[in-house]
Amino acid sequence: MKSWTPFLAPVLALLSLDPVFAARQTVTLEIPSMYCPVCPLTVKKALQREPGVIEVEVSFAAKEAIVTYDDEQTSPAHLMEATRNVGYPSTVKSGPGDTR
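Keep in mind the model is a prediction, meaning the values are calculated, not measured.

A.B. asks: Residue-level account of the side chain of aspartate 70, with values.
C.D. replies: Note that aspartate 70 resides in strand β3 (residues 64–70). Within the buried core, aspartate 70 has no salt-bridge partner, and the shortest N-O distance to an opposite charge, that of arginine 24, equals 7.8 Å. Separated by 2.7 Å, the side chain of aspartate 70 and the backbone nitrogen of glutamate 72 make a polar contact.

In structure tokens form, the structure reads like this:
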């Protein structure tokens, strides 16, 4: 009887990999309408609820949010929509979708 161990190791290694085409992306959103120290909390919660968002850092002083996300699950357009839906319109400052 042959051992299956040499054949199982590569298969198990492939199963543990992230999807081939999914990639982590980081985008900086400019959010000029944040006018008080509580605004970033609302923005952060809205972005964290978006599927595929991995990490969110919101700066009141810089009036921006830095978002790391899975590009197979969301996009800068969806992230901007999430901030707009809670009353804080945003634009891409840098990262994917940067038009400058």
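Having seen it, we continue.
A.B. asks: Explain helix α2 (residues 39–48) residue by residue, including any values.
C.D. replies: For α2, the set of buried residues is Cys39, Pro40, Val43, Ala46 and Leu47. Seen end-on, α2 carries its buried residues on one side only, within an arc spanning 130 degrees. Turned more than 90 degrees from where α2 packs its buried face, Leu41 and Lys45 sit exposed. For α2, the secondary structure elements touched by its buried residues are β1 (24–30), β2 (53–59), β3 and α3 (76–85).

A.B. asks: Which residues make up α3, and what are the values?
C.D. replies: Buried within α3 we find Pro76, Leu79, Ala82 and Thr83. In a view along the axis of α3, the buried residues occupy a sector of 120 degrees, so they form one face of it. Where the residues of α3 are buried, they touch β1, α2, β2, β3 and β4 (91–94). Taken from the residues just after α3, glycine 87 is the one with a positive phi, measuring 95 degrees.

Rules behind the numbers
- Residues numbered from 1 in each chain as written.
- Predicted model: local features only at pLDDT ≥ 70, side-chain atom pairs only at ≥ 80, totals over all residues.
- Heavy atoms only, no water.
- Helix = DSSP H or I, 4+ residues; strand = E, 2+ residues; numbered from the N terminus.
- Buried < 20%, exposed > 50% of the residue type's maximum accessible area, 1.4 Å probe, protein only.
- Lys, Arg positive; Asp, Glu negative; His and termini not counted.
- Salt bridge = Lys/Arg side-chain N within 4 Å of Asp/Glu carboxyl O.
- Polar contact = N/O pair within 3.5 Å; in protein donor to acceptor, adjacent residues only side chain to side chain.
- Arc of directions from axis to C-beta.
- Contact = heavy atoms within 4.5 Å.

The values are spatial; any link to function lies outside them.
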